[in-house]
Amino acid sequence: VPEKQKKLAALKKEHGKKVIGEVTIDQCIGGARGVKCMLWETSNLDANEGIRFRGLTIPDCQKVLPTYSGIPGKGEPLLESLIWLL
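None of these values were measured; they are calculated from a predicted model. (Residues numbered from 1 in each chain as written. Predicted model: local features only at pLDDT ≥ 70, side-chain atom pairs only at ≥ 80, totals over all residues. Heavy atoms only, no water.)

A. A look at the side chain of Thr57. Relative to the helices and strands, Thr57 resides in strand E3 (residues 56-57). Owing to a relative accessible area of 14%, Thr57 belongs among the buried residues under this scheme. In contact with Thr57, not counting residues within four places along its chain, are Ile51 and Arg52. (Helix = DSSP H or I, 4+ residues; strand = E, 2+ residues; numbered from the N terminus. Buried < 20%, exposed > 50% of the residue type's maximum accessible area, 1.4 Å probe, protein only. Contact = heavy atoms within 4.5 Å.)

B. Seen up close, helix H1 (residues 2-15). Compared with the 20 Å implied by 1.5 Å per residue over 14 residues, the 20 Å span of H1 between its first and last C-alpha is a close match. In terms of residue burial, H1 counts as a barely covered element, since only zero of its 14 residues are buried. (Expected span 1.5 Å × (residues − 1).)

C. Representation of unusual backbone geometry within the structure. Unlike most non-glycine residues, Arg54 shows phi in positive territory, near 50 degrees. Tracing the backbone through its elements, the reader meets Arg54 in the loop between strand E2 (50-53) and E3.

D. Structural detail: the confidence of the model for the protein. For the protein, mean pLDDT is 84; residues scoring 70 or higher make up 97% of the total. Looking over the protein, one finds the lowest element-wise mean pLDDT in strand E1 (residues 43-46), namely 79, and the highest in helix H3 (residues 58-64), namely 90. (pLDDT = per-residue confidence, 0-100.)

Here is the structure:
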């Protein structure tokens, strides 16, 4: 964690004042859909596709993560497997 904090502090110091996009009133009222406004490495919420965890959609997670049945793809993923993925 301390190493990641140092990297983010350096990024903020070097690029903190740079503009990375525009926001419309429609986006503000519509829940900021499509607005890139937060650095979050473990998940991404796409306005059209939905959430991704480390690049995996929910259906992808259901296919590859361990499930209660013990067989990936058969049932819902274990909570622990989702936490591990994050």
